[in-house]
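Structural characterization, general
Now for the letters of each chain:
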Amino acid sequence: TEIYTLSLHDALPIYSRGAVTVDYVVLAAAVTAVGLYSTDIIGVGMRSLAGTVDEELSGTSTDTVVGLQYASGFDNGSEGWSGATAQEMNGIGNVLGPIENTSGLPGVSRDFAIDPDATEASFAFDLYAMDDFDGDTGTVFIDGQAVGSVTVDQGVPTFTAASDLAERGIIIRYTEIDKAVNLGGNPDRVDAMSNISITVKNLQENPRENINFGFGSDASAGANNEYFAIDNFTATGLADN
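Residues numbered from 1 in each chain as written. Predicted model: local features only at pLDDT ≥ 70, side-chain atom pairs only at ≥ 80, totals over all residues. Heavy atoms only, no water.

1. Topic: the packing of aromatic side chains
By the definition in use, this model includes 16 aromatic pairs. Both rings, one in F125 and one in F233, keep their centres 5.7 Å apart while their planes meet at 15 degrees; by these two values the pair is stacked. Residue F125 is located in strand β5 (residues 120–131), and its partner F233 is located in strand β12 (residues 226–239); the two are separated by 108 residues in the primary sequence. Grouping aromatic residues by their ring pairs yields a cluster made of Y70, F74, W81, F112, F123, F125, F213 and F233. (Phe/Tyr/Trp six-rings, centres within 6.5 Å; stacked < 30°, edge-to-face > 60°. Helix = DSSP H or I, 4+ residues; strand = E, 2+ residues; numbered from the N terminus.)

Dropping the structure here:
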């Protein structure tokens, strides 16, 4: 018969291994708790950042709206506008137009009051070019000066920005939506649709009291054959956050 004797020295490694195992369990639980807590904090931050990035990529301003807030689809008329009235366009709905030949001058216009605390004003609208355009042009004006023009030939628009916009503190963006398709009006003719957005800086050392938006056309045949129309017009005063 063999007899084994267990001394205190022999028992210590067993006890120590058990203590180490318990310590790792506690440590692992603590690390897991910290990880979960950090995930919540990072998640909130990432969602906030994702929202900001999404707004910037989609063109939505993250600035604060100050004063000016105007939006019209011209369903309730053309109050405040001169040179054109709101009418229903076949196939499209109510628009500001038809805008006939204005000799290229800003014959259609509206003043927008600007809050002195606004650092910029933003304008955006849809522009329709209807029927028999053969190289005729519609021009957008800010305070009586051209900022950009759309020349349309057989339903195909070409946009040209003014060359001095940077010096005037103006940014203009043009987006082509449809071209050489029938959108309304005469069913046998092709039309074009685009979106134009304009940002006008309001220098705080010399703030504006108002901004005049204007539109002109050199369409030769008048509203019966070729004309422009404006829809979904928005104007917003903004301040930097």
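Having seen the model, we can carry on.
2. Here we look at the sheet that holds strand β8 (residues 156–161)
Pairing is antiparallel across the open sheet formed by five strands, whose spatial order is β4-β11-β6-β7-β8. The open sheet has two free edges, formed respectively by β4 (108–113) and β8, since each of these has just one partner strand. Pairwise comparison of adjacent strand axes, ignoring direction, gives a mean angle of 15 degrees for this sheet. Where strand β6 (residues 134–142) and strand β11 (residues 210–217) come together, five bridges link them in antiparallel fashion. (Pairing = 2+ DSSP bridges. Axes fitted to C-alpha atoms, helices over the stretch in contact; angles between N-to-C directions.)

3. Re the nonpolar core
Counting residues in hydrophobic clusters, the biggest one holds 39 residues, and the most contacted among them are W81, F112, F123, I198, F213, I230 and F233. Look past the residues within four positions of I230 in its chain and what remains in contact with it is F74, V95, L96, I99, F125, D126, L127, F213 and F215. V95, Y128, M193 and A229 belong to the second largest nonpolar core, which has eight residues in total. (Core = buried A, V, L, I, M, F, W, Y, C linked by side-chain atoms within 4.5 Å. Buried < 20%, exposed > 50% of the residue type's maximum accessible area, 1.4 Å probe, protein only. Contact = heavy atoms within 4.5 Å.)

4. A look at the confidence of the model for the chain
Taken as a whole, the chain shows an average pLDDT of 82; of its residues, 73% reach a score of 70 or greater. The secondary-structure element of the chain with the lowest mean pLDDT is helix α1 (residues 8–57), recorded at 51, while β4 shows the highest, at 98. For the stretch residues 1–9, pLDDT sits under 50, and the model shows two contacts to residues farther than four places along the chain or on other chains. (pLDDT = per-residue confidence, 0-100.)

5. Side note on the pattern of salt bridges
Summed over the entire model, instances satisfying the criterion amount to five salt bridges. R189 serves as the salt-bridge partner of D132, at 3.2 Å between the closest nitrogen and oxygen. Taken together, the positions of D132 in the loop between β5 and β6 and R189 in the loop between β9 (170–181) and β10 (191–201) put the pair 57 residues apart, joining distant regions of the chain. For D132, a relative accessible area of 33% translates into the label partly exposed. The shortest N-O distance in the salt bridge between K179 and E176 comes to 3.8 Å. By relative accessible area, K179 is classed as partly exposed at 41%. (Salt bridge = Lys/Arg side-chain N within 4 Å of Asp/Glu carboxyl O.)

6. Notes on the environment of I177
Locating I177 in the fold gives a position in strand β9. Taking the C-alpha atoms as reference points, I177 and M193, separated by 16 residues in sequence, lie 5.5 Å from one another. Ignoring any residue separated from it by four or fewer positions in sequence, one finds I177 in contact with D126, M193, S194 and N195.

7. Focus on the pairing of strand β7 (residues 145–153)
Of the pairings in the sheet, the one linking β6 to β7 comprises eight bridges and is antiparallel in character. What sits directly across from V140, in β7, is G148. Connecting the antiparallel pair β6 and β7 is a turn made up of two residues, with D143 showing a positive phi of about 50 degrees. Here six bridges tie β7 to β8, and the two strands are oriented antiparallel to one another. Of the residues in β8, the one forming a bridge with V152 is P157. Here β7 hands over to β8 after two residues, with Q154 in that stretch at a positive phi of 55 degrees.

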